[in-house]
Amino acid sequence: MTIVLAVVLSLVFLPLGLAKLAAVPFMRQAAAHLGMSVRLYRVVGTLEVAGVAGLLTGLAWTPLGVAAATGLALLMAAAAVVHLRHGDPPPRAVPAAVLAVAALAYAGAAVSLG
């Protein structure tokens with residue numbers, strides 16, 4: 001179960017984080033929409049990519065995976081709040097909330113197994 005969650009989360013966060021780091025046009029537009037600078041959005045992308053590295057390394061060393069998943073969950077909870085504060089309709093915050101819950105599910109499963 002933890003392997004599947006780690007891989008799924010990694011497949012979601014890696015391309016999103018890399019797109020933020022590369023400041024592709026869609027991500028620049030998203031940053032502007034949320035009132036964030038491209039530089040700050042790149043920091044978010046860096047955190048996402050680091051989270052992926054932590055998740056995958058956590059398959060061998062559980063404490064790192066749990067820490068990475070917790071960090072990603074906090075990042076996504078913050079993303080949901082930012083969307084709502086900037087006037088986005090609640091459904092726009094749902095993907096971030098779902099990712100936060102999935103990351104917490106990974107952390108919980110990893111702790112219980114190991």
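Preceding this section is the structure that the text describes.
Residues numbered from 1 in each chain as written. Predicted model: local features only at pLDDT ≥ 70, side-chain atom pairs only at ≥ 80, totals over all residues. Heavy atoms only, no water.

Draft legend 1. Up close: the pattern of salt bridges. Here the structure, examined in full by the defined rule, presents one salt bridge. Notably, a salt bridge pairs glutamate 48 with lysine 20, separated by 3.1 Å at the nearest N-O pair. Residue glutamate 48 is found in helix 3 (residues 38–57), and its partner lysine 20 is found in helix 1 (residues 2–22); the two are separated by 28 residues along the sequence. The pair formed by glutamate 48 and lysine 20 is uniform in burial state, with each residue classed as buried. (Salt bridge = Lys/Arg side-chain N within 4 Å of Asp/Glu carboxyl O. Helix = DSSP H or I, 4+ residues; strand = E, 2+ residues; numbered from the N terminus. Buried < 20%, exposed > 50% of the residue type's maximum accessible area, 1.4 Å probe, protein only.)

Draft legend 2. Layout of the nonpolar core. Core analysis: the largest hydrophobic core is formed by 23 residues, its most contacted members being Leu9, Phe13, Leu55, Met76 and Tyr106. Breaking this core down by element, the ones donating at least two residues are helix 1, helix 3, helix 4 (62–85) and helix 5 (90–113). Residues within four places of phenylalanine 13 in sequence aside, it is in contact with Glu48, Val52, Leu72, Met76 and Leu99. In terms of nonpolar packing, the next biggest core, distinct from the first, is built from six residues, Ala19, Met27, Ala31 and Tyr41 among them. (Core = buried A, V, L, I, M, F, W, Y, C linked by side-chain atoms within 4.5 Å. Contact = heavy atoms within 4.5 Å.)

Draft legend 3. Main features of the packing of helix 4 against helix 5. Where helix 4 contacts helix 5, the axes come no closer than 8 Å and their chain directions differ by 165°. When the axis of helix 4 is compared with that of helix 5, the two are roughly antiparallel. Of the two possible hands of crossing, helix 4 and helix 5 adopt the one that is left-handed. Residues of the contact of helix 4 with helix 5, tallied by class, amount to 21 nonpolar, four polar and one charged. (Axes fitted to C-alpha atoms, helices over the stretch in contact; angles between N-to-C directions. Parallel < 35°, antiparallel > 145°, perpendicular 65-115°, else oblique. Left-handed = near helix turned anticlockwise from the far one by under 90°. Nonpolar A, V, L, I, M, F, W, Y, C, P; charged D, E, K, R; others polar.)

Draft legend 4. Structural detail: helix 4. For helix 4, which comprises 24 residues, the first-to-last C-alpha distance of 35 Å matches the rise-based estimate of 34 Å (1.5 Å per residue) to within 8%. Where the residues of helix 4 are buried, they touch helix 1, helix 3 and helix 5. Taken from the residues just after helix 4, glycine 87 is the one with a positive phi, measuring 85°. (Expected span 1.5 Å × (residues − 1).)

Draft legend 5. Structural detail: helix 2 (residues 25–33). All of the buried residues in helix 2 are Met27, Ala30 and Ala31. Axial view of helix 2: buried residues confined to an arc of 100°, hence all on one face. Of the residues in helix 2, the exposed ones pointing more than 90 degrees away from the buried face are Pro25, Phe26, Gln29 and Ala32. Check the buried side of helix 2 and you find it contacts helix 1 and helix 3. Once helix 2 ends, the next one or two residues include glycine 35, with phi positive near 75°. (Arc of directions from axis to C-beta.)

Draft legend 6. Inspection of a nonpolar patch on the surface at higher detail. A cluster of nonpolar residues, Ile3, Val7, Leu11, Leu56 and Leu59, forms a patch on the protein surface that exposes about 450 Å² of accessible area. For the nonpolar patch, the leading source of residues is helix 1, giving three residues. Along the polypeptide, leucine 56 turns up in helix 3. On the basis of relative accessible area, leucine 56 is assigned to the partly exposed category, the value being 41%. (Patch = residues over 30% accessible without salt bridge, like charges linked within 9 Å, V, L, I, M, F, W, Y side chains within 5 Å. Areas by Shrake-Rupley, 256 points an atom, 1.4 Å probe, with all protein chains shown as cover.)

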